[in-house]
Amino acid sequence: MTGVFDRLVGQEAVAADLTAAAVAGRAGPAEGAMTHSWLFTGPPGAGRSVAALCFAAALQCTDPDRTGCGHCHACTTTMAGTHGDVRRVIPEGLSISTKEMRGIVQIAARRPSTGRWQVVVIEDADRLTEAAGNVLLKVVEEPPERTVFLLCAPSVDPEDISVTLRSRCRHVHLVTPSAPAIAHVLRDHDGLDAETAEWAAAVSGGHVGRARRLATDDDARDRRRRALDLVAAIFRGNAYLAADELVKAADDEAKELSTERDERERDELATALGAGGTGKGAAGATRGSAGVLKDLEKRQKSRATRTGRDALDRALLDIAGLYRDGLAVSFGDPTGLTMTHPDMADRARDLATRIRPEGLLRSIDAVLACREALDRNVKPRFALAAMAATLLAQTS
């Protein structure tokens, strides 16, 4: 019989610690057995938000014999996102606003209605604005008796989470899952054939979700191929064109993912504001709605920007990984190396032959600098053009 923590891939030690903490949490707040603030960190794809949600389910679990059983009503509703006492904050835009955080804090102050705890899961807590972080800090310092906050961030670096907020939390660090562990999940849980599962796990960079997409989605495989083609374009002399195509592909992906949802949200809001109504007061209900529509459009634009930036970031990580493989090959026998892109070994050898090690290192730095520029809201075309110029300089 499986439990909720079986969803974690390659995190056996974390699962054991969280299970023990959830068992202690059954004692309730009066005995002081429960930490009210937790911080889950780990690299992308390690499963920090999954771990936080599994822990939330274990805290609410009603099975008398197994904590986090995965089958009781509390576990299934928590994992499905429908439990009345578990709130998930999933930022869709570039940041989590003060207004949004104040609303969450108000909800968190309530006593649980059906479960043991009022649980608030804040995914991507690194997107908290400074003001929103201060709002959260106040309630974390003096938490309601039956409320637990579960924060997720890439690391404990002050760039990701404030030092003060981090000091108020119990830290749980997740490691990058191994390729065999990911392949095992793809085979046994998703039913994929062994060859596809092992290939996807090997090229995913330890990201479980990406491995699943690469194994099952032709578009995801095509986007990876186009990203890595930029490296070949460096030697063909059309690097700037390839960089522009990467930006366009990211924008197209964002539009594809957002268009249907944006239209549905606009239709739902229009209906809520009385659009199409003919009864008394229908006309008045729609007056003054311009501000509400503007707020929706602003959120949708921010969400599309974030989606595009995330797509670009995946592409840049792939490019950096290929240069890393080239650098590794230049220093040793490639047969003994763990490659980021094992299916692109010929390209790595070509890089090692045509660019000196210091040039490969500067190329990696250029890709990472491009990622930082995008985080600072530099226009993607400018950021990637600057990266392409540095990559080109290493081939001369």
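Cut-off values and rules
- Residues numbered from 1 in each chain as written.
- Predicted model: local features only at pLDDT ≥ 70, side-chain atom pairs only at ≥ 80, totals over all residues.
- Heavy atoms only, no water.
- Helix = DSSP H or I, 4+ residues; strand = E, 2+ residues; numbered from the N terminus.
- Buried < 20%, exposed > 50% of the residue type's maximum accessible area, 1.4 Å probe, protein only.
- Contact = heavy atoms within 4.5 Å.
- Areas by Shrake-Rupley, 256 points an atom, 1.4 Å probe, with all protein chains shown as cover.
- Phe/Tyr/Trp six-rings, centres within 6.5 Å; stacked < 30°, edge-to-face > 60°.
- Lys NZ or Arg CZ within 6 Å of the ring centre and 35° of its normal.
- Arc of directions from axis to C-beta.
- 1 Å grid on protein atoms, 1.4 Å probe; cavity = no way out; pocket = protein on both sides within 12 Å on 5 of 7 lines; lining within 4 Å.
- Points joined across faces, edges and corners; volume = space filled by probe spheres on them.
- Nonpolar A, V, L, I, M, F, W, Y, C, P; charged D, E, K, R; others polar.
- Pairing = 2+ DSSP bridges.
- Axes fitted to C-alpha atoms, helices over the stretch in contact; angles between N-to-C directions.
- Salt bridge = Lys/Arg side-chain N within 4 Å of Asp/Glu carboxyl O.
- pLDDT = per-residue confidence, 0-100.
- Patch = residues over 30% accessible without salt bridge, like charges linked within 9 Å, V, L, I, M, F, W, Y side chains within 5 Å.
- Lys, Arg positive; Asp, Glu negative; His and termini not counted.
- Charge placed at Lys NZ, Arg CZ, Asp CG, Glu CD.
- Expected span 1.5 Å × (residues − 1).
- Left-handed = near helix turned anticlockwise from the far one by under 90°.
- Polar contact = N/O pair within 3.5 Å; in protein donor to acceptor, adjacent residues only side chain to side chain.

### Quick notes on the overall build of the chain
Each helix and strand counted, the chain has 16 helices and 5 strands in total. Here the chain holds 396 residues, and the buried ones make up 44% of them. Pairs at least 24 residues apart make up 72% of the contacts formed inside the chain by residues separated by at least 6 positions. Split by element, the accessible area of the chain, about 20000 Å² in all, is 51% carbon and sulfur.

### Notes on the packing of aromatic side chains
This structure, assessed with the given rule, holds 2 aromatic pairs. Above the face of the F235 ring, R354 is positioned so that its terminal group lies 4.0 Å from the ring centre.

### Quick look at helix α4 (residues 98-108)
Considered for burial, the residues of α4 that qualify are T98, M101, I104, V105 and A108. For α4, the buried positions fall inside an angular range of 125 degrees around the axis, keeping them on one side. With respect to the buried face of α4, the exposed residues turned more than 90 degrees away are K99, R102 and Q106. Buried-residue contacts for α4 involve β2 (86-89), β3 (118-122), α5 (130-141) and β4 (147-153).

### Remarks on empty space enclosed by the protein
Under the defined criterion, the tally for this structure stands at 1 cavity of 30 Å³ or more. Here the largest cavity is characterised by a volume of approximately 220 Å³. In terms of lining, the largest cavity is formed by 17 residues, of which the most central are R223, R224, E253, A311 and R314. Only α9 (208-216), α10 (218-236), α11 (239-272) and α13 (290-331) provide two or more residues apiece to the lining of the largest cavity. Of the residues contributing to the lining of the largest cavity, the split by class is 9 nonpolar, no polar and 8 charged.

### Considerations on the sheet that holds strand β5 (residues 170-173)
Sheet architecture is open: 5 strands sit in the order β2-β3-β4-β1-β5, paired in parallel fashion. A strand with exactly one partner marks an edge of an open sheet, and here the two such strands are β2 and β5. Mean inter-strand twist for the sheet, computed between neighbouring axes without regard to direction, equals 15 degrees. Bridge analysis of strand β1 (residues 37-41) against β4 gives 5 bridges, and the strand direction is parallel.

### Concerning the pattern of salt bridges
In the structure shown here, the tally under the stated rule is 18 salt bridges. One continuous salt-bridge network, built from bridges that share partners, spans D222, R225, R226, D229 and R347.

### Examining the side chain of R309
Mapped onto the fold, R309 is located in helix α13. Other than its neighbours up to four places away in sequence, R309 contacts L374, N377, V378 and P380.

### Description of the confidence of the model for the chain
Per-residue confidence for the chain averages 86 on the pLDDT scale, and 87% of its residues sit at or above 70. At the low end of the mean pLDDT range in the chain sits helix α12 (residues 282-286), at 52; at the high end sits β1, at 95.

### Some remarks on the environment of V119
Considering the arrangement of structural elements, one finds V119 in strand β3. Separated by 41 residues in sequence, V119 and T78 place their C-alpha atoms 10.0 Å apart. Non-local contacts of V119, meaning those with residues more than four positions away in its chain, are made with A56, L59, Q60, D85, V86, R87, V148 and L150.

### Notes on a negative patch on the surface
Together, D157, E159, E372 and D375 make up a negatively charged patch on the protein surface. Here E372 lies in helix α15 (residues 357-375). Its relative accessible area of 48% is what places E372 among the partly exposed residues.

### Structural notes on helix α1 (residues 12-25)
The first and last C-alpha atoms of α1 sit 20 Å apart over 14 residues, in line with the 20 Å expected at 1.5 Å per residue. Every buried residue of α1 is accounted for by V14, A15, L18, A21, A22 and G25. In an axial view of α1, the angular spread of the buried residues amounts to 130 degrees, which keeps them on one side of the axis. Away from its buried face by more than 90 degrees, α1 exposes E12 and A13. Residues of α1 that are buried make contact with β1, α2 (48-60) and β5.

### Some words on the packing of α10 against helix α14 (residues 345-354)
With their axes 12 Å apart at the nearest point, α10 and α14 run at an angle of 35 degrees to one another. Helix-helix and strand crossings are classified by hand; for α10 and α14 the assignment is left-handed. The residues of α14 that touch α10, namely those facing L228, D229, V231 and F235, are R347, D350, L351 and R354. Classifying every residue of the contact of α10 with α14 by side-chain character gives 4 nonpolar, no polar and 4 charged.

### What about the environment of L174?
Its place among the elements puts L174 in the loop between β5 and α7 (179-188). In this structure the C-alpha to C-alpha distance between L174 and E12, which are 162 residues apart in sequence, comes to 9.8 Å. The contact partners of L174, leaving out residues within four places of it in the chain, are Q11, V14, F40, T41, G42, P43, A46, G47, R48 and A51.

### A closer look at the side chain of T77
By the secondary structure assignment, T77 is in helix α3 (residues 73-80). Here the side chain of T77 touches A74 through a polar contact of 3.2 Å, landing on its backbone oxygen. With residues near it in sequence (within four places) discarded, T77 still touches T82 and H83.

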